[in-house]
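# Notes for the structure review
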Amino acid sequence: TPILCAHLAPPLCSSDPILGFFINSELSLLQKKIQDETLKNEIKDTLEELSEYKKYLLIDIKDLSESDGYNSWRKNEITELSTLVQQRFRNLQNPVDCDNARKLICNINKGCGFGCQIHHLVYCFLVAYGTKRTLILKSKGWRYQKDGWESVFQPLSNTCLSANGQTHSNWPGDENTQVVILPIVDNVFPKPIFQPPSVPSDLAERLRKVHNYPLVWWIGQVLKYLMRPTIETKMLLSEKEEKMKFTKPIVGVHVRRTDKVGTEAAFHDVDEYMFKVEEYFNNLKNPPEKRRIYLASDDPKVIITARQRYPNYEIIADTDIAQTASIARRYSNLSLQGIIMDIHFLSLCDHIVCTFSSQVCRVAYELMQTYSIDASNKFTSLDDIYYYGGQNPNPQIVIYNHVPRKKGEIELKFSDKIEVYGNHWNGYSKGRNLRTGVVGLFPSYKVVNVVKAVDFPKYD
Ligand code: GDP
(Lines give C-alpha, C1' and ligand atoms only; values in the text may rest on other atoms or scores of the structure.)
Protein backbone atom coordinates (compact mmCIF):
# COMPACT_ATOMS: atom_id res chain seq x y z
CA THR A 1 0.00 0.00 0.00
CA PRO A 2 2.70 2.61 0.76
CA ILE A 3 4.23 2.02 -2.68
CA LEU A 4 0.84 2.37 -4.33
CA CYS A 5 0.17 5.57 -2.44
CA ALA A 6 3.53 6.96 -3.45
CA HIS A 7 2.73 6.31 -7.10
CA LEU A 8 -0.66 7.90 -6.95
CA ALA A 9 0.23 10.67 -4.58
CA PRO A 10 -0.48 14.22 -5.62
CA PRO A 11 0.72 16.80 -6.37
CA LEU A 12 2.72 14.99 -9.01
CA CYS A 13 -0.11 13.02 -10.43
CA SER A 14 -3.86 13.00 -10.56
CA SER A 15 -6.23 10.08 -10.84
CA ASP A 16 -4.03 8.56 -13.53
CA PRO A 17 -1.13 6.33 -12.54
CA ILE A 18 2.18 7.73 -13.73
CA LEU A 19 2.90 4.44 -15.52
CA GLY A 20 -0.15 5.06 -17.70
CA PHE A 21 1.02 8.55 -18.62
CA PHE A 22 4.47 7.27 -19.45
CA ILE A 23 3.55 4.33 -21.68
CA ASN A 24 0.85 6.31 -23.42
CA SER A 25 3.12 9.21 -24.17
CA GLU A 26 6.10 7.12 -25.29
CA LEU A 27 4.03 4.93 -27.63
CA SER A 28 2.22 7.92 -29.09
CA LEU A 29 5.58 9.55 -29.85
CA LEU A 30 6.80 6.36 -31.49
CA GLN A 31 3.62 6.12 -33.54
CA LYS A 32 4.23 9.59 -34.93
CA LYS A 33 7.83 8.78 -35.88
CA ILE A 34 7.28 5.59 -37.90
CA GLN A 35 6.06 5.40 -41.52
CA ASP A 36 4.93 1.77 -41.73
CA GLU A 37 1.11 1.72 -41.62
CA THR A 38 0.86 -1.84 -40.25
CA LEU A 39 3.17 -0.99 -37.39
CA LYS A 40 1.28 2.24 -36.79
CA ASN A 41 -1.96 0.29 -36.47
CA GLU A 42 -0.38 -2.23 -34.14
CA ILE A 43 0.68 0.56 -31.82
CA LYS A 44 -2.82 2.02 -32.01
CA ASP A 45 -4.30 -1.35 -30.96
CA THR A 46 -1.77 -1.67 -28.15
CA LEU A 47 -2.64 1.82 -26.92
CA GLU A 48 -6.33 0.92 -26.90
CA GLU A 49 -5.67 -2.27 -25.03
CA LEU A 50 -3.47 -0.42 -22.59
CA SER A 51 -6.20 2.04 -21.78
CA GLU A 52 -8.43 -0.91 -20.92
CA TYR A 53 -5.72 -2.40 -18.70
CA LYS A 54 -5.46 0.95 -16.99
CA LYS A 55 -9.20 1.20 -16.54
CA TYR A 56 -9.45 -2.13 -14.73
CA LEU A 57 -6.31 -1.51 -12.73
CA LEU A 58 -7.85 1.71 -11.42
CA ILE A 59 -11.14 -0.04 -10.72
CA ASP A 60 -9.31 -2.79 -8.81
CA ILE A 61 -7.41 -0.25 -6.74
CA LYS A 62 -10.63 1.58 -5.93
CA ASP A 63 -12.44 -1.66 -5.05
CA LEU A 64 -9.52 -2.75 -2.91
CA SER A 65 -9.57 0.44 -0.88
CA GLU A 66 -13.31 0.11 -0.41
CA SER A 67 -13.29 -3.53 0.57
CA ASP A 68 -10.30 -3.73 2.91
CA GLY A 69 -12.64 -3.51 5.90
CA TYR A 70 -11.37 -0.12 7.04
CA ASN A 71 -13.64 2.18 5.12
CA SER A 72 -16.02 2.89 7.97
CA TRP A 73 -13.02 3.48 10.25
CA ARG A 74 -11.60 5.94 7.71
CA LYS A 75 -14.93 7.70 7.46
CA ASN A 76 -15.24 8.04 11.24
CA GLU A 77 -11.67 9.20 11.58
CA ILE A 78 -11.95 11.96 8.98
CA THR A 79 -15.29 13.10 10.44
CA GLU A 80 -13.77 13.21 13.92
CA LEU A 81 -10.80 15.20 12.70
CA SER A 82 -13.06 17.67 10.95
CA THR A 83 -15.28 18.06 14.02
CA LEU A 84 -12.21 18.64 16.16
CA VAL A 85 -10.70 21.38 14.00
CA GLN A 86 -14.03 23.12 13.40
CA GLN A 87 -14.54 23.19 17.17
CA ARG A 88 -11.10 24.69 17.65
CA PHE A 89 -11.80 27.34 14.99
CA ARG A 90 -15.07 28.28 16.70
CA ASN A 91 -13.34 28.57 20.08
CA LEU A 92 -10.55 30.70 18.71
CA GLN A 93 -12.95 32.97 16.86
CA ASN A 94 -15.41 33.45 19.71
CA PRO A 95 -13.48 34.73 22.74
CA VAL A 96 -15.54 35.45 25.83
CA ASP A 97 -13.92 38.84 26.38
CA CYS A 98 -13.39 40.59 23.05
CA ASP A 99 -12.07 43.79 24.69
CA ASN A 100 -9.04 41.91 26.00
CA ALA A 101 -8.70 39.20 23.35
CA ARG A 102 -5.48 38.93 21.35
CA LYS A 103 -6.28 39.75 17.73
CA LEU A 104 -4.83 39.52 14.24
CA ILE A 105 -6.08 41.98 11.64
CA CYS A 106 -6.45 40.99 7.99
CA ASN A 107 -7.77 43.14 5.16
CA ILE A 108 -9.50 41.19 2.40
CA ASN A 109 -8.84 43.81 -0.24
CA LYS A 110 -5.71 42.34 -1.75
CA GLY A 111 -5.56 43.64 -5.33
CA CYS A 112 -6.56 40.41 -7.05
CA GLY A 113 -9.51 38.12 -7.87
CA PHE A 114 -11.86 36.24 -5.54
CA GLY A 115 -9.86 33.00 -5.39
CA CYS A 116 -6.68 34.90 -4.66
CA GLN A 117 -8.39 36.98 -1.95
CA ILE A 118 -9.86 33.83 -0.39
CA HIS A 119 -6.39 32.29 -0.29
CA HIS A 120 -5.11 35.49 1.28
CA LEU A 121 -7.77 35.13 3.95
CA VAL A 122 -6.84 31.48 4.54
CA TYR A 123 -3.22 32.50 5.07
CA CYS A 124 -4.36 35.13 7.62
CA PHE A 125 -6.49 32.53 9.37
CA LEU A 126 -3.63 30.03 9.55
CA VAL A 127 -1.38 32.66 11.13
CA ALA A 128 -4.17 33.56 13.58
CA TYR A 129 -4.56 29.87 14.49
CA GLY A 130 -0.80 29.45 14.79
CA THR A 131 -0.41 32.48 17.08
CA LYS A 132 -3.65 31.86 19.02
CA ARG A 133 -5.19 35.17 18.00
CA THR A 134 -8.78 35.85 16.96
CA LEU A 135 -8.87 36.84 13.31
CA ILE A 136 -10.54 40.19 12.67
CA LEU A 137 -11.45 40.63 9.04
CA LYS A 138 -11.62 44.09 7.50
CA SER A 139 -13.86 43.89 4.47
CA LYS A 140 -15.82 47.14 4.18
CA GLY A 141 -15.30 48.51 0.68
CA TRP A 142 -14.44 45.02 -0.65
CA ARG A 143 -13.89 45.25 -4.40
CA TYR A 144 -16.52 42.51 -4.99
CA GLN A 145 -19.14 43.90 -2.59
CA LYS A 146 -18.70 47.23 -0.83
CA ASP A 147 -20.86 46.17 2.14
CA GLY A 148 -18.30 43.54 2.95
CA TRP A 149 -17.92 39.86 3.73
CA GLU A 150 -21.03 39.54 5.89
CA SER A 151 -23.32 40.30 2.98
CA VAL A 152 -22.64 36.82 1.58
CA PHE A 153 -20.87 34.78 4.27
CA GLN A 154 -21.43 34.42 7.99
CA PRO A 155 -19.26 36.66 10.18
CA LEU A 156 -16.01 35.08 11.33
CA SER A 157 -17.16 35.54 14.92
CA ASN A 158 -20.36 35.90 16.90
CA THR A 159 -18.64 37.60 19.83
CA CYS A 160 -15.70 39.56 18.48
CA LEU A 161 -15.62 41.68 15.32
CA SER A 162 -13.97 44.82 16.69
CA ALA A 163 -10.33 45.59 15.90
CA ASN A 164 -9.97 47.71 19.05
CA GLY A 165 -7.32 46.96 21.63
CA GLN A 166 -4.88 48.56 24.09
CA THR A 167 -1.70 47.91 22.09
CA HIS A 168 -1.22 47.68 18.31
CA SER A 169 1.71 46.63 16.17
CA ASN A 170 2.52 45.49 12.67
CA TRP A 171 3.47 41.83 12.17
CA PRO A 172 5.09 40.09 14.04
CA GLY A 173 4.53 42.14 17.25
CA ASP A 174 5.15 40.16 20.43
CA GLU A 175 3.26 37.98 22.89
CA ASN A 176 1.93 41.01 24.75
CA THR A 177 0.81 43.07 21.78
CA GLN A 178 -2.96 42.84 21.79
CA VAL A 179 -3.62 43.69 18.14
CA VAL A 180 -1.24 42.64 15.35
CA ILE A 181 -1.74 43.76 11.74
CA LEU A 182 -0.76 41.17 9.13
CA PRO A 183 0.41 42.33 5.67
CA ILE A 184 -0.21 40.36 2.47
CA VAL A 185 1.90 37.25 2.03
CA ASP A 186 4.09 38.94 -0.61
CA ASN A 187 5.35 41.49 1.97
CA VAL A 188 5.34 39.53 5.20
CA PHE A 189 8.59 39.39 7.15
CA PRO A 190 9.54 37.27 9.00
CA LYS A 191 7.60 34.62 7.10
CA PRO A 192 5.19 32.85 9.43
CA ILE A 193 6.02 29.17 9.86
CA PHE A 194 2.28 28.44 9.96
CA GLN A 195 1.57 29.20 6.32
CA PRO A 196 1.35 26.34 3.78
CA PRO A 197 2.67 23.74 3.35
CA SER A 198 2.69 23.45 7.17
CA VAL A 199 0.15 21.12 8.74
CA PRO A 200 -0.34 21.00 12.54
CA SER A 201 1.78 18.16 13.91
CA ASP A 202 -0.95 17.10 16.34
CA LEU A 203 -3.20 16.31 13.33
CA ALA A 204 -0.62 15.20 10.76
CA GLU A 205 -0.08 11.66 12.08
CA ARG A 206 -3.79 10.84 12.04
CA LEU A 207 -4.36 12.62 8.75
CA ARG A 208 -1.61 10.73 6.94
CA LYS A 209 -3.50 7.48 7.51
CA VAL A 210 -6.73 8.67 5.95
CA HIS A 211 -5.83 11.34 3.44
CA ASN A 212 -3.26 11.28 0.67
CA TYR A 213 -2.66 15.03 0.76
CA PRO A 214 -3.07 16.39 4.32
CA LEU A 215 -2.20 19.96 3.33
CA VAL A 216 -5.16 20.21 0.95
CA TRP A 217 -7.48 18.68 3.55
CA TRP A 218 -6.27 21.20 6.13
CA ILE A 219 -6.87 24.17 3.81
CA GLY A 220 -10.26 22.73 2.90
CA GLN A 221 -11.18 22.75 6.59
CA VAL A 222 -10.22 26.42 6.93
CA LEU A 223 -12.34 27.23 3.88
CA LYS A 224 -15.23 25.26 5.34
CA TYR A 225 -15.16 27.53 8.38
CA LEU A 226 -14.55 30.79 6.54
CA MET A 227 -17.02 30.30 3.70
CA ARG A 228 -20.10 29.44 5.77
CA PRO A 229 -22.88 30.95 3.69
CA THR A 230 -25.52 33.31 5.08
CA ILE A 231 -29.11 32.04 4.91
CA GLU A 232 -29.64 34.14 1.76
CA THR A 233 -26.56 32.68 0.06
CA LYS A 234 -27.60 29.18 1.09
CA MET A 235 -31.04 29.72 -0.40
CA LEU A 236 -29.55 31.07 -3.59
CA LEU A 237 -27.35 27.98 -3.91
CA SER A 238 -30.16 25.52 -3.33
CA GLU A 239 -32.50 27.35 -5.71
CA LYS A 240 -29.80 27.23 -8.34
CA GLU A 241 -29.13 23.55 -7.67
CA GLU A 242 -32.77 22.73 -8.24
CA LYS A 243 -33.19 24.95 -11.26
CA MET A 244 -30.10 23.58 -12.99
CA LYS A 245 -30.96 19.99 -12.00
CA PHE A 246 -27.46 19.51 -10.62
CA THR A 247 -27.16 15.74 -10.17
CA LYS A 248 -24.39 13.20 -9.94
CA PRO A 249 -22.47 11.62 -11.56
CA ILE A 250 -21.00 14.87 -12.81
CA VAL A 251 -17.58 16.20 -13.75
CA GLY A 252 -16.70 19.82 -13.02
CA VAL A 253 -14.88 21.67 -15.78
CA HIS A 254 -13.30 25.05 -15.16
CA VAL A 255 -12.01 26.93 -18.20
CA ARG A 256 -10.11 30.06 -17.24
CA ARG A 257 -9.77 32.54 -20.07
CA THR A 258 -9.89 36.38 -20.47
CA ASP A 259 -7.13 38.19 -18.55
CA LYS A 260 -5.30 35.01 -17.51
CA VAL A 261 -4.47 33.69 -20.97
CA GLY A 262 -1.13 34.77 -22.31
CA THR A 263 -0.18 36.49 -19.06
CA GLU A 264 -0.21 33.84 -16.33
CA ALA A 265 -1.36 30.73 -18.22
CA ALA A 266 -1.46 29.21 -21.69
CA PHE A 267 -4.61 28.81 -23.79
CA HIS A 268 -6.25 25.38 -23.70
CA ASP A 269 -8.97 24.47 -26.16
CA VAL A 270 -12.32 23.14 -24.93
CA ASP A 271 -11.46 19.81 -26.62
CA GLU A 272 -8.48 19.33 -24.31
CA TYR A 273 -10.72 19.55 -21.26
CA MET A 274 -13.38 17.33 -22.82
CA PHE A 275 -10.81 14.70 -23.76
CA LYS A 276 -10.02 14.34 -20.06
CA VAL A 277 -13.71 14.30 -19.16
CA GLU A 278 -14.29 11.55 -21.71
CA GLU A 279 -11.38 9.59 -20.27
CA TYR A 280 -12.79 9.95 -16.76
CA PHE A 281 -16.18 8.57 -17.77
CA ASN A 282 -14.65 5.77 -19.85
CA ASN A 283 -12.63 4.64 -16.85
CA LEU A 284 -15.67 4.20 -14.62
CA LYS A 285 -16.78 0.67 -13.85
CA ASN A 286 -20.30 1.52 -15.02
CA PRO A 287 -20.16 4.64 -17.19
CA PRO A 288 -23.47 6.52 -16.95
CA GLU A 289 -25.75 6.64 -19.97
CA LYS A 290 -25.96 10.41 -19.75
CA ARG A 291 -22.62 12.11 -19.43
CA ARG A 292 -22.96 15.33 -17.47
CA ILE A 293 -20.59 18.20 -16.76
CA TYR A 294 -20.80 21.39 -14.76
CA LEU A 295 -19.02 23.97 -16.86
CA ALA A 296 -17.67 27.17 -15.31
CA SER A 297 -15.78 29.88 -17.14
CA ASP A 298 -15.13 33.60 -17.20
CA ASP A 299 -15.80 33.51 -20.96
CA PRO A 300 -19.40 32.84 -22.10
CA LYS A 301 -18.13 31.72 -25.54
CA VAL A 302 -16.66 28.63 -23.90
CA ILE A 303 -20.13 27.46 -22.90
CA ILE A 304 -21.56 28.08 -26.36
CA THR A 305 -18.66 26.22 -27.99
CA ALA A 306 -18.94 23.25 -25.63
CA ARG A 307 -22.69 22.95 -26.28
CA GLN A 308 -22.15 23.04 -30.05
CA ARG A 309 -19.31 20.53 -30.08
CA TYR A 310 -20.65 18.12 -27.47
CA PRO A 311 -24.41 17.76 -28.10
CA ASN A 312 -24.41 14.31 -26.46
CA TYR A 313 -23.37 15.79 -23.16
CA GLU A 314 -25.68 17.34 -20.64
CA ILE A 315 -23.88 20.61 -19.96
CA ILE A 316 -24.93 22.46 -16.84
CA ALA A 317 -23.72 26.03 -17.15
CA ASP A 318 -24.90 29.58 -16.94
CA THR A 319 -23.78 31.97 -19.67
CA ASP A 320 -25.07 34.91 -17.62
CA ILE A 321 -22.71 34.00 -14.78
CA ALA A 322 -19.81 33.74 -17.22
CA GLN A 323 -20.80 37.13 -18.64
CA THR A 324 -20.54 38.82 -15.23
CA ALA A 325 -17.25 37.01 -14.61
CA SER A 326 -15.56 38.42 -17.69
CA ILE A 327 -12.92 41.01 -16.97
CA ALA A 328 -15.12 43.91 -18.14
CA ARG A 329 -17.86 43.13 -15.60
CA ARG A 330 -15.95 41.68 -12.70
CA TYR A 331 -16.04 43.06 -9.15
CA SER A 332 -19.77 43.59 -8.74
CA ASN A 333 -22.38 41.97 -6.49
CA LEU A 334 -23.58 39.85 -9.40
CA SER A 335 -20.14 38.62 -10.28
CA LEU A 336 -19.58 37.77 -6.60
CA GLN A 337 -22.72 35.63 -6.59
CA GLY A 338 -21.52 33.99 -9.80
CA ILE A 339 -18.08 33.04 -8.56
CA ILE A 340 -19.47 31.75 -5.25
CA MET A 341 -21.89 29.56 -7.19
CA ASP A 342 -19.31 28.28 -9.64
CA ILE A 343 -16.82 27.38 -6.90
CA HIS A 344 -19.56 25.73 -4.85
CA PHE A 345 -20.82 23.54 -7.70
CA LEU A 346 -17.34 22.67 -8.95
CA SER A 347 -16.46 21.50 -5.44
CA LEU A 348 -19.52 19.23 -5.34
CA CYS A 349 -18.53 17.39 -8.52
CA ASP A 350 -17.09 13.86 -8.61
CA HIS A 351 -13.97 15.02 -10.41
CA ILE A 352 -12.57 18.37 -11.62
CA VAL A 353 -10.84 19.07 -14.92
CA CYS A 354 -9.16 22.47 -14.93
CA THR A 355 -5.88 24.34 -14.86
CA PHE A 356 -4.34 24.50 -11.40
CA SER A 357 -2.69 27.78 -12.41
CA SER A 358 -6.12 29.24 -11.55
CA GLN A 359 -6.89 29.98 -7.92
CA VAL A 360 -10.58 29.46 -8.67
CA CYS A 361 -9.98 25.81 -9.43
CA ARG A 362 -7.63 25.33 -6.51
CA VAL A 363 -10.24 26.71 -4.09
CA ALA A 364 -12.85 24.32 -5.56
CA TYR A 365 -10.42 21.40 -5.20
CA GLU A 366 -9.65 22.32 -1.60
CA LEU A 367 -13.35 22.55 -0.74
CA MET A 368 -13.95 19.24 -2.48
CA GLN A 369 -11.91 17.56 0.26
CA THR A 370 -14.59 18.45 2.81
CA TYR A 371 -17.21 16.28 1.09
CA SER A 372 -15.54 12.88 1.07
CA ILE A 373 -12.90 10.87 2.88
CA ASP A 374 -10.14 11.60 0.41
CA ALA A 375 -10.73 13.53 -2.82
CA SER A 376 -7.05 14.30 -3.40
CA ASN A 377 -6.96 12.29 -6.64
CA LYS A 378 -10.18 13.64 -8.07
CA PHE A 379 -8.64 16.18 -10.39
CA THR A 380 -7.01 16.55 -13.77
CA SER A 381 -4.93 19.67 -14.23
CA LEU A 382 -3.97 20.66 -17.74
CA ASP A 383 -1.07 22.71 -16.47
CA ASP A 384 0.39 23.17 -12.98
CA ILE A 385 0.61 20.77 -10.09
CA TYR A 386 -1.25 21.85 -6.96
CA TYR A 387 0.45 24.62 -4.97
CA TYR A 388 -0.44 27.32 -2.51
CA GLY A 389 0.46 30.82 -3.74
CA GLY A 390 3.24 32.34 -1.62
CA GLN A 391 3.83 29.06 0.22
CA ASN A 392 7.05 28.41 2.11
CA PRO A 393 9.50 26.15 0.23
CA ASN A 394 8.09 22.67 -0.25
CA PRO A 395 10.69 20.36 -1.82
CA GLN A 396 9.77 16.81 -2.80
CA ILE A 397 11.92 13.93 -1.57
CA VAL A 398 13.60 11.34 -3.78
CA ILE A 399 12.61 7.75 -2.96
CA TYR A 400 14.39 5.96 -5.83
CA ASN A 401 17.78 6.71 -7.40
CA HIS A 402 17.82 7.85 -11.01
CA VAL A 403 20.64 7.70 -13.54
CA PRO A 404 19.89 10.00 -16.50
CA ARG A 405 19.09 8.04 -19.67
CA LYS A 406 18.21 10.79 -22.10
CA LYS A 407 19.46 14.32 -22.71
CA GLY A 408 17.82 16.77 -20.30
CA GLU A 409 17.35 14.28 -17.45
CA ILE A 410 18.92 14.82 -14.03
CA GLU A 411 20.48 12.51 -11.50
CA LEU A 412 18.52 11.66 -8.35
CA LYS A 413 19.87 10.04 -5.21
CA PHE A 414 17.75 8.63 -2.42
CA SER A 415 16.68 11.41 0.00
CA ASP A 416 17.71 14.29 -2.32
CA LYS A 417 15.38 17.27 -2.13
CA ILE A 418 13.82 18.43 -5.37
CA GLU A 419 12.19 21.76 -6.02
CA VAL A 420 9.52 20.73 -8.51
CA TYR A 421 8.75 23.22 -11.29
CA GLY A 422 6.02 21.23 -12.95
CA ASN A 423 4.64 17.94 -14.15
CA HIS A 424 4.72 17.27 -17.86
CA TRP A 425 1.93 14.71 -17.40
CA ASN A 426 3.83 12.20 -19.55
CA GLY A 427 5.63 10.31 -16.79
CA TYR A 428 8.22 13.07 -16.29
CA SER A 429 8.44 16.12 -14.08
CA LYS A 430 10.84 19.04 -14.21
CA GLY A 431 12.68 20.36 -11.22
CA ARG A 432 15.92 21.39 -9.53
CA ASN A 433 17.92 19.00 -7.43
CA LEU A 434 18.81 21.06 -4.37
CA ARG A 435 21.91 18.93 -3.72
CA THR A 436 23.47 19.33 -7.18
CA GLY A 437 21.75 22.53 -8.27
CA VAL A 438 21.00 20.95 -11.67
CA VAL A 439 17.64 21.57 -13.37
CA GLY A 440 16.05 18.96 -15.61
CA LEU A 441 13.61 16.10 -16.10
CA PHE A 442 13.14 13.03 -13.93
CA PRO A 443 10.53 10.24 -13.69
CA SER A 444 7.68 11.61 -11.56
CA TYR A 445 7.30 8.43 -9.51
CA LYS A 446 10.80 8.70 -8.08
CA VAL A 447 9.90 11.59 -5.77
CA VAL A 448 7.19 11.98 -3.15
CA ASN A 449 5.48 14.76 -1.39
CA VAL A 450 6.20 14.86 2.33
CA VAL A 451 3.88 16.26 4.92
CA LYS A 452 5.45 19.25 6.65
CA ALA A 453 4.29 18.74 10.22
CA VAL A 454 4.81 21.89 12.31
CA ASP A 455 4.02 22.49 15.97
CA PHE A 456 0.98 24.72 16.20
CA PRO A 457 -0.63 25.54 19.56
CA LYS A 458 -2.33 22.47 21.00
CA TYR A 459 -5.83 23.80 21.66
CA ASP A 460 -6.55 21.30 24.41
P1 GDP B 1 -7.11 33.19 -11.12
O2 GDP B 1 -6.76 34.53 -11.72
O3 GDP B 1 -7.87 32.32 -12.06
O4 GDP B 1 -5.91 32.51 -10.53
O5 GDP B 1 -8.12 33.40 -9.91
P6 GDP B 1 -8.63 34.69 -9.15
O7 GDP B 1 -9.77 34.24 -8.33
O8 GDP B 1 -7.53 35.36 -8.47
O9 GDP B 1 -9.18 35.68 -10.26
C10 GDP B 1 -10.07 35.28 -11.24
C11 GDP B 1 -11.40 35.94 -11.11
O12 GDP B 1 -12.06 35.82 -12.39
C13 GDP B 1 -12.33 35.24 -10.15
O14 GDP B 1 -12.19 35.64 -8.86
C15 GDP B 1 -13.69 35.55 -10.74
O16 GDP B 1 -14.08 36.85 -10.41
C17 GDP B 1 -13.40 35.45 -12.23
N18 GDP B 1 -13.56 34.07 -12.71
C19 GDP B 1 -12.61 33.26 -13.20
N20 GDP B 1 -13.12 32.07 -13.56
C21 GDP B 1 -14.44 32.12 -13.28
C22 GDP B 1 -15.50 31.19 -13.41
O23 GDP B 1 -15.36 30.06 -13.86
N24 GDP B 1 -16.72 31.60 -12.99
C25 GDP B 1 -16.94 32.84 -12.48
N26 GDP B 1 -18.18 33.14 -12.09
N27 GDP B 1 -15.96 33.74 -12.33
C28 GDP B 1 -14.72 33.40 -12.73
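Check the entry above for the structure.
What counts, and at which threshold
Every chain is numbered on its own, with residues counted from 1 as its sequence reads. In view of the model being predicted, local features appear only for residues whose pLDDT reaches at least 70, and side-chain atom pairs are presented and counted only at 80 or more, with totals across whole chains, interfaces and linings using the full set of residues. Think of the side-chain values as coming from all heavy atoms in the structure, minus any hydrogens and water. Any pair of Phe, Tyr and Trp rings, taking the six-membered ring for Trp, is counted once the centres come within 6.5 Å. Such a pair is stacked with planes under 30 degrees apart, edge-to-face with planes over 60 apart, and tilted for the rest. Only DSSP runs of H or I covering at least 4 residues are called helices, and only runs of E covering at least 2 are called strands; the numbering of each starts at the N terminus. Burial classes follow relative accessibility: with a 1.4 Å probe on protein chains only, a residue under 20% of its type's maximum area counts as buried, one over 50% as exposed, and anything between as partly exposed. Whether two residues touch is decided by their heavy atoms; if any such pair falls within 4.5 Å, the residues are in contact. Multiplying 1.5 Å by the residue count of a helix minus one yields the expected span of that helix. Sulfur atoms of two cysteines make up a disulfide when they are within 2.5 Å. Any residue with an atom within 4 Å of a point lines the site, the site being either a cavity, points on a 1 Å grid over the protein atoms alone where a 1.4 Å probe fits but cannot get out, or a pocket, an open set with protein on both sides within 12 Å along at least 5 of 7 lines. Grid points are joined across faces, edges and corners, and a volume is the space filled by probe spheres set on the points. Residues are grouped as follows: Ala, Val, Leu, Ile, Met, Phe, Trp, Tyr, Cys and Pro are nonpolar; Asp, Glu, Lys and Arg are charged; every other residue, Gly included, is polar.

### Regarding the packing of aromatic side chains
By the definition in use, this model includes 31 aromatic pairs. Relative to Trp218, the ring of Phe89 lies with its centre 5.9 Å away and its plane at 50 degrees, an arrangement referred to as tilted. With Phe89 in helix α4 (residues 71–93) and Trp218 in helix α7 (residues 214–226), this residue pair connects regions lying 129 residues apart in the sequence. Accessibility classification places Phe89 together with Trp218 in one group, the buried group.

### Focus on the environment of His168
Within the secondary structure, His168 is located in strand β3 (residues 168–170). Placed 12 residues apart in sequence, His168 and Val180 show a C-alpha to C-alpha distance of 5.9 Å. Non-local contacts of His168, meaning those with residues more than four positions away in its chain, are made with Ala163, Thr177 and Val179.

### Looking at helix α2 (residues 18–33)
Here α2 spans 23 Å end to end across 16 residues, near enough to the 22 Å set by a 1.5 Å rise per residue. Turning to α2, its buried residues number three or more, namely Ile18, Phe21, Ser25 and Leu27.

### Observations concerning the state of the cysteines
Per the counting criterion, the structure on display carries four disulfides. Through a disulfide, Cys106 is tied to Cys124; the S-S separation comes to 2.1 Å. In this structure the cystine formed by Cys106 and Cys124 twists about its S-S bond by roughly 65 degrees; its chirality is therefore right-handed. In this pair, Cys106 is assigned in strand β1 (residues 103–107) and Cys124 in helix α5 (residues 114–131), connecting sequence segments 18 residues apart.

### Concerning the layout of surface pockets
Roughly 540 Å³ of volume is contained in the second largest pocket. Contributing to the lining of the second largest pocket are 30 residues, with Gly113, Phe114, Arg256, Arg330 and Val360 lying nearest its centre. At the level of elements, α5, β7 (292–297), α11 (319–325), α12 (333–348) and α13 (359–368) are the ones that each hand at least two residues to the lining of the second largest pocket. At four residues, the largest contribution of residues to the lining of the second largest pocket is made by α12. A class-by-class count of the residues in the lining of the second largest pocket yields 11 nonpolar, 11 polar and eight charged.

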